[in-house]
Amino acid sequence: TFNTNANGIKVQGPTGGSAILYLNADQGSDDTDKFRFKVDDGGPFKIENDASGSWEKSIQITGNGAVSLYYDNTLRFQTSGIGATVTGKIESDSLDVDGVAGIGSLTVAGISTFTDNVRIDADNKKLQIGDGQEIELYYDGSGSFITNSTGQLIIRSPITTIQSPGKNQLIARTNAEIELFYNGDQKFETTNTGVDVTGTVVADGLDVSGHAGIGSI
């Protein structure tokens, strides 16, 4: 039934049936401009289109529940009690996430900028770089690895330092010395004329070509 009142109009279907309101743009034979509002007994409320010659969902609303959006009768977006679920890809000029984003896979064409930590929250999951993932950074549960499968692994820095917790192991300076340490104490250093050793040198043999200045034997 169709009734008007002071607040608008009311469309009511039969007991156990559906209430349907049709909207057609004109009396032409094409179906692309035919839509209907439909409420089934017990819900949900649907906006449907007849573009393909049969009624398909465009929007579906469930009372105290989800709102669902469709593309060509295929579910693409649905709200939930914790947010929303997208089926397929999201194309956006920008994405701003406050909090945790749980994403199964993400393909980015362009520059990604982060202003906080980037976490890989599992063992043996790798940060892979290169067209063929030639370099990998990961933790296997007992140790950390940097793996390079092609060419050289080059580390560039004015000063390169390798440390154990709180203690130097190696320091390399641009156009200057390389220092090696034992338990945090410097023991070996390259110089412009050779090397400087602090402490005792233990060797199976010694072969000197040229002058050897030895304080005592």
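About the thresholds
Residues numbered from 1 in each chain as written. Predicted model: local features only at pLDDT ≥ 70, side-chain atom pairs only at ≥ 80, totals over all residues. Heavy atoms only, no water. Helix = DSSP H or I, 4+ residues; strand = E, 2+ residues; numbered from the N terminus. Rg over C-alpha atoms; globule rule 2.2 N^0.38 Å. Buried < 20%, exposed > 50% of the residue type's maximum accessible area, 1.4 Å probe, protein only. Contact = heavy atoms within 4.5 Å. Areas by Shrake-Rupley, 256 points an atom, 1.4 Å probe, with all protein chains shown as cover. Lys, Arg positive; Asp, Glu negative; His and termini not counted. Charge placed at Lys NZ, Arg CZ, Asp CG, Glu CD. Pairing = 2+ DSSP bridges. Axes fitted to C-alpha atoms, helices over the stretch in contact; angles between N-to-C directions. Salt bridge = Lys/Arg side-chain N within 4 Å of Asp/Glu carboxyl O. 1 Å grid on protein atoms, 1.4 Å probe; cavity = no way out; pocket = protein on both sides within 12 Å on 5 of 7 lines; lining within 4 Å. Points joined across faces, edges and corners; volume = space filled by probe spheres on them. Nonpolar A, V, L, I, M, F, W, Y, C, P; charged D, E, K, R; others polar. Patch = residues over 30% accessible without salt bridge, like charges linked within 9 Å, V, L, I, M, F, W, Y side chains within 5 Å.

### Structural notes on the overall build of the protein
Per the secondary structure count, the protein includes zero helices and 17 strands. Against the compact-globule benchmark of 17 Å for 217 residues, the protein has a radius of gyration of 36 Å, which places it well outside the compact range. If you line up the protein on its principal axes, its C-alpha atoms span 115 × 35 × 30 Å. Taken over 217 residues, the protein has a buried fraction of 11%. Nonlocal contacts in the protein, meaning residues at least 24 apart in sequence, comprise 1% of its contacts between residues at least 6 apart. Total accessible area computed for the protein in this model is approximately 17900 Å², and 50% of it derives from carbon and sulfur atoms. Taking the average place of the 15 positive charges on the side chains of the protein and the average place of its 28 negative ones, the gap between the two points comes to 7 Å.

### Notes on the sheet that holds strand β7 (residues 67-71)
Ordered in space as β3-β4-β5-β6-β7-β8-β9, the seven strands form an open sheet in which the pairing is antiparallel. Two strands bound the open sheet, and with one partner strand each, they are β3 (19-24) and β9 (83-86). The mean angle between the axes of side-by-side strands here comes to 20 degrees, regardless of whether they run parallel or antiparallel. Direction of pairing for β3 relative to strand β4 (residues 34-39): antiparallel, over a ladder of six bridges.

### Quick word on the sheet that holds strand β15 (residues 178-182)
Strands belonging to one sheet form pairs held by backbone hydrogen bonds; the direction of such a pair is parallel or antiparallel. In spatial order, the strands read β13-β14-β15-β16-β17; together these five strands make up an open sheet with antiparallel pairing. Two strands lie at the open edges of the sheet, namely β13 (159-164) and β17 (195-197), each paired on one side alone. Adjacent strand axes in the sheet meet at a mean angle of 20 degrees, parallel and antiparallel pairs treated alike. The sheet contact formed by strand β16 (residues 185-190) and β17 spans three bridges and is antiparallel. Residue T190 lies in a different strand from β17, and its bridge partner there is V195.

### With respect to the side chain of D50
Along the chain, D50 falls in the loop between β5 (45-49) and β6 (56-61). Despite its burial, D50 pairs with no opposite charge; the closest candidate is K34, at 4.7 Å N-O. Among residues more than four places away in sequence, those in contact with D50 are D31, K34 and W55.

### Observations concerning the layout of surface pockets
The calculated volume of the largest pocket comes to roughly 2600 Å³. Lining the largest pocket are 41 residues, and of these L95, A101, I103, L106 and F114 sit closest to its centre. For the lining of the largest pocket, the secondary-structure elements that each account for two or more residues are β8 (74-80) and β9. The biggest single contributor to the lining of the largest pocket is β9, with four residues. The residue inventory of the lining of the largest pocket, partitioned by class, reads 18 nonpolar, 16 polar and seven charged.

### Details of a nonpolar patch on the surface
Together, I120, L127, I129, L137, I146, L153 and I155 line one region of the surface with nonpolar side chains, adding up to about 660 Å² of accessible area. Summarising the element assignment, I129 is placed in strand β10 (residues 127-129). Overall, I129 belongs to the partly exposed group, its relative accessible area being 44%.

### Focus: the pairing of strand β14 (residues 167-173)
In the case of a regular strand, side chains alternate between the two sheet surfaces. In the sheet, β13 pairs with β14 via six bridges, with the strands oriented antiparallel. Looking at β14, one finds that T161 is bridged to I171. If you look at the hairpin formed by β13 and β14, you'll find two residues sitting between the two strands, and G166 has a positive phi there, around 80 degrees. In this sheet, β15 lies alongside β14 in antiparallel orientation, the contact comprising three bridges. Pairing of A172 across the sheet is with I178, part of β15.

Remember that the coordinates give geometry; whether it matters functionally is a separate question.
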